[in-house]
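# Residue-level structural notes
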Amino acid sequence: DAGITQSPRHKVTETGTPVTLRCHQTENHRYMYWYRQDPGHGLRLIHYSYGVKDTDKGEVSDGYSVSRSKTEDFLLTLESATSSQTSVYFCAIRSILAGHNEQFFGPGTRLTVL
Amino acid sequence: QKEVEQNSGPLSVPEGAIASLNCTYSDRVSQSFFWYRQYSGKSPELIMSIYSNGDKEDGRFTAQLNKASQYVSLLIRDSQPSDSATYLCAVSPNAGKSTFGDGTTLTVKP
């Protein structure tokens, strides 16, 4: 399972509240990713990180911020949650051993914004 | 046009048949191609990677890549009910990011 955990696994929150999702990995991977998955849209990249304090935007980054202060943790923050951010969020890592951007996913976080 | 397009589903095949899943991509600089399987309520699982034109076989799975046609496919031989899942195609230019298709849902009927 590439040693990836996500917390919380489920969360229900209200519109306008801040939410932080955590991705933790134990294998010292350099690249980490946050995706959201919605019916009919597949996986869409929100943000990714290529090292401690090095992050970049993906295709659906509006309304999200990220931080990576340690190699093992990649945090995704919704500063003010909206109903459109109700989704399943997956964290992924890139395995450097593979060398070709093979990504491995965490178990996911189901977020509901009421 | 989407960057990565997969054949619309759902796809239904009888047990023991060959399931064929197709994917086209628009970015000609793409170098790496992946197939992920996702069971309902679970996370995507990498099942095949292919980087060169031609076929790559792994057990009952065969990935086929044609860069000139910008086409990648996945064949599942002797399909089993346990193969019922959504299959995601992903394409990467080797710049650290991948783009995923919307997925094709496969049902294998006993």
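Refer to the structure presented above.
Since the structure is predicted, the reported quantities are computational estimates derived from the model, not experimental observations. (Residues numbered from 1 in each chain as written. Chains lettered and ligands numbered in written order. Predicted model: local features only at pLDDT ≥ 70, side-chain atom pairs only at ≥ 80, totals over all residues. Heavy atoms only, no water.)

## Points about the overall build of chain B
Formally: Numbering of helices and strands runs from the N terminus, with a helix taken as a DSSP run of H or I at least four residues long and a strand as a DSSP run of E at least two residues long. The quantity called the radius of gyration is restricted to C-alpha atoms. Its globule counterpart is 2.2 Å times the number of residues to the power 0.38. We call a residue buried when its accessible area falls under 20% of the maximum for its residue type, exposed when it is over 50%, and partly exposed in between, using a 1.4 Å probe and counting protein chains only. The contact criterion used throughout is that any non-hydrogen atoms of two residues lie within 4.5 Å. Computed with the Shrake-Rupley method and a 1.4 Å probe, the accessible areas treat only the protein chains shown as cover for residues. In summary, the charge assignment counts Lys and Arg as positive and Asp and Glu as negative, without counting His or the chain termini. Note on charges: their place is set at NZ of Lys, CZ of Arg, CG of Asp or CD of Glu.
Broken down by element type, chain B carries zero helices and eleven strands. Ordered by position from N to C terminus, the α and β elements of chain B give β-β-β-β-β-β-β-β-β-β-β. In terms of C-alpha radius of gyration, chain B reaches 13 Å, essentially the compact-globule figure of 13 Å for 110 residues. Overall, chain B is about 40 × 30 × 20 Å in size when its C-alpha atoms are taken along their principal axes. The buried share of chain B, reckoned over its 110 residues, is 43%. Relative to all contacts within chain B whose residues are 6 or more apart in sequence, the contacts with residues 24 or more apart total 52%. Here chain B displays about 5,100 Å² of accessible surface, and carbon together with sulfur accounts for 46% of that area. Between the averaged position of the 10 positive side-chain charges in chain B and that of its 11 negative side-chain charges there is a distance of 3 Å.

## Brief notes about the nonpolar core
We count it as follows: Nine residue types can take part in a nonpolar core, namely buried Ala, Val, Leu, Ile, Met, Phe, Trp, Tyr and Cys, and a core is a set of them joined through side-chain atoms within 4.5 Å.
W35, V72, L74, I76 and Y87 of chain B are the most contacted members of the largest nonpolar core, which totals 23 residues. Among the secondary structure elements, those contributing two or more residues to this core are β3 (19-25), β4 (32-38), β5 (45-50), β7 (61-66), β8 (71-76), β9 (85-92) and β11 (104-109) of chain B. Leaving out residues up to four positions away in the same chain, I76 of chain B has contacts with A17, I18, A19, L21, R60, F61, D83, Y87 and L106 of chain B. Grouped together as the second largest cluster of nonpolar side chains are 19 residues, I4, A81, I93 and V113 of chain A included.

## Side note on the side chain of T109 of chain A
All names here are of chain A. In this structure, T109 sits in strand β11 (residues 109-113). Residue classification places T109 among the buried positions, given a relative accessible area of 0%. Contact partners of T109, with chain neighbours within four places excluded, come to Q6, S7, P8, R9, L21, S87, V88 and Y89.

## Some details on the layout of surface pockets
Put simply, the test is: Definitions used for this entry: grid spacing 1 Å over protein atoms alone; cavity, a set of points where a 1.4 Å probe fits but cannot get out; pocket, an open set with protein on both sides within 12 Å along at least 5 of 7 lines; lining residue, one with an atom within 4 Å of a point. Grid points are joined across faces, edges and corners, and a volume is the space filled by probe spheres set on the points. The classification used treats Ala, Val, Leu, Ile, Met, Phe, Trp, Tyr, Cys and Pro as nonpolar, Asp, Glu, Lys and Arg as charged, and all other residues, Gly among them, as polar.
A volume near 610 Å³ is recorded for the largest pocket. Taken together, 28 residues line the largest pocket, and the ones lying closest to its centre are Q37 of chain A together with Q38, S40, G41 and K42 of chain B. The set of elements that each furnish at least two residues to the lining of the largest pocket consists of β4 (32-38), β9 (87-94) and β11 of chain A together with β9 and β11 of chain B. A per-class count over the lining of the largest pocket returns seven nonpolar, 16 polar and five charged. Estimates place the volume of the second largest pocket at around 410 Å³. Forming the boundary of the second largest pocket are 21 residues, of which E59 of chain A together with E3, S98, T99 and F100 of chain B lie nearest the centre.

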